[in-house]
Amino acid sequence: MDQVLSTKDSWYIEWAWVGGYSSLSTLVFIFNILIFFSVGKNKFLHYSFHYVIVALSLRNLLRVILTLCLVFLAKLIQTPWLFKATFLIPANKSTDGLDLTQSASMSLTCEVLSVWDHILMTTLMFYLAGSSLYMFCRHPNPSISDPSETTLKLYGIVPVKERSWVSPLLLLLPPLLAVFLCLPIPILHETHPMIALPGGSVCNLHESLKFNTYQSSVAILGFLLPAAIVISLMIGLSIRRCISCSGGTCVSSFCKEEMSLALLTLPYLAAYLAMYLPLLDHYLQKLDLPQTGLQPYITPEIARAVEMVLGLLLPVVVYSVLPGYSRFSSEPDASDLRRSKKESYNQSVTAPDSTRLSQESLELDCVIRNGYMS
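Rules and cut-offs
Each chain carries its own residue numbering, running from 1 in the written order of its sequence. Local features are withheld for residues below a pLDDT of 70 in this predicted model, meaning they are given only at 70 or higher, and side-chain atom pairs are given and counted only at 80 or more; totals for whole chains, interfaces and linings count all residues. Side-chain metrics in this entry use all non-hydrogen atoms of the structure; hydrogen atoms and water are not considered. Axis lines are fitted through C-alpha atoms, for helices just across the contact stretch, and the angle between N-to-C directions can take any value from 0 to 180 degrees. A run of DSSP states H or I qualifies as a helix once it reaches four residues; a run of E qualifies as a strand once it reaches two. Both are numbered from the N-terminal end. Note: crossing handedness is left-handed where the near helix turns anticlockwise from the far helix by less than a right angle, and right-handed where it turns clockwise. Only heavy atoms enter the contact rule, under which two residues are in contact if any of them lie within 4.5 Å. Only Asp, Glu, Lys and Arg are considered charged in this grouping, and only Ala, Val, Leu, Ile, Met, Phe, Trp, Tyr, Cys and Pro are considered nonpolar; every other residue, Gly among them, is considered polar. Here, a salt bridge means any Lys or Arg side-chain nitrogen found within 4 Å of an Asp or Glu carboxyl oxygen. Each residue is placed in one exposure class: buried if its accessible area under a 1.4 Å probe, protein chains only, is under 20% of its type's maximum, exposed if it is over 50%, and partly exposed if it falls in between. Contacts described as polar in this section are N or O atom pairs within 3.5 Å, which, within protein, must combine one atom able to donate a hydrogen with one able to accept it, while residues neighboring in sequence count only if both atoms come from side chains.

Topic: the packing of helix α4 (residues 107-137) against helix α5 (residues 166-181)
Packed helices, taken two at a time, are described by their axes: the angle between them and the distance between them. Where α4 contacts α5, the two axes come as close as 8 Å, and the packing angle between them is 145 degrees. Along this stretch, α4 crosses α5, giving a crossing that reads as right-handed. Contact residues: Ile119, Thr122, Thr123, Phe126, Tyr127, Gly130, Ser131 and Tyr134 in α4; Val166, Leu170, Leu171, Pro174, Pro175, Leu177, Ala178, Val179 and Leu181 in α5. Among the residues making up the contact of α4 with α5, the classes are represented as 13 nonpolar, four polar and no charged.

Comments concerning the pattern of salt bridges
Under the definition given, this model contains 11 salt bridges. For Arg59, the salt bridge identified is with Glu307, shortest N-O distance 2.6 Å. Here Glu307 lies in helix α11 (residues 300-309) and Arg59 lies in helix α2 (residues 48-77), a separation of 248 residues in the sequence. On the accessibility criterion, Arg59 (4% relative accessible area) is buried. With a shortest N-O distance of 3.5 Å, Lys210 and Glu207 are connected by a salt bridge. Taken together, the residues Lys210 and Glu207, both in helix α7 (residues 207-210) and three residues apart, mark about one turn of the helix. Within this structure, Arg59, Arg63, Asp117, Arg304 and Glu307 form a network of salt bridges that share partners.

Regarding the environment of Ser216
Relative to the helices and strands, Ser216 is located in helix α8 (residues 213-246). Exposure remark for Ser216: the relative accessible area of 12% places this residue in the buried category. Taking C-alpha positions, Ser216 is 7.7 Å from Leu279, a pair spaced 63 residues apart along the chain. Apart from the residues within four sequence positions on either side, Ser216 is in contact with Leu279 and Tyr283. A polar contact of 2.3 Å, which involves the side chain of Ser216, links it to the side chain of Tyr283.

See the structure below:
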C-alpha cells in the first residue's frame, strides 16, 4: 500500500477518496463552527467544560486541514514538475531519481506535518483527561442560587461560577503539554509516515526507524496514559453519580456533561488504537506474542479516515445530549430548572417548621427568665 497507485483501475478509487474527504470536510467545518455560536449565545454555557468543547471543535477543524494537506501532497507527488513549482523542494534541486515519498527528500515539510499530526492527536487526549479530572473535582450537580441573589439571575437560577484560574488552566495546559511532547521532532528530526489515500503514503522511513523509542513514548504519554486516566475517572464519576441519584438528585446539566464526555471518549479510544495498530503489532512480535491480525482490514488510511469522520461526533453529541447548544439563547437546562424548583419547594415547606421551632424556643426562654425573676 506504500506504492503510488498509477494503474487505470485505481484512479477512480483515489478520486472516490478525494471526493469523500471533500464532502466530509465540508460537514465537519459547518457543524463544528456552529458550536462557536451555540456557546457564544448562551450565558449558561460560559464555563470551563464548554470552553473545552469550543477548543475541541477548533482542533477538529485543524485536523481536517491536516488531512486535506496530506491528500493534496499525495496527489502532488505524482506530478514532480508541479511539486517542484510549489517550492516544497529547492528550485536548484533536481527531482530526477528522487523518491518524494521519503522523509529525507523533503525533511522540513515532513517535520512540520509530523509536529502538526502529533500535537492534534495528543491535545485531544489531554483535553479529555483534563476534562474528566475537572468533572471529578467539582460538585456532582450545579449549586442552587441563594434567593437573595438577583444579579444575573434568569429563570430562577444563575450561570455556573468558577474560580478565575480554572478555565485558563484547563484550556492552555493540554496544548502546552502536547507541544513539549513534540519537541524532539524538530530537534532530533523524528518524523513518522502518514497516509490519507490508498497508496499515498508520505514521509516514509526505513522499516528500522518507524518504531523507535520516540514513537513509543508518544504512544505511551500521549495516548495510553491519558486513556487510563479518563477510563479510571469515568468509573469514579459513574459511582459518584449513582450515589448522587440515591440521595434524591439525579439528572442535571452536570450529569449530561459527564455522559457526553463518555460518548466522546470511547469512539476516539477505538479510533486511536486502530491508528497505533502497526506499533502494537510490532511490539507483540518482539515479545513473541500473536499479533492482532487486524492490519489487513484496518489499514492506516482507513484509520485516518475514520478519525476524520469522528470530527462529526462532537457536534452530534453536544446537540443531542446537551439541550443548551440547540437553543442559541441564554436559557438554562430544563433539568436544572426542575431541580431548582424542587429545592425551592422543599425550602418553603421546611421554613414554617423552623419558624415555629424558633418561636417555641423563644417562649421557653421567656418562661425560664420569669421563673428566675419570681
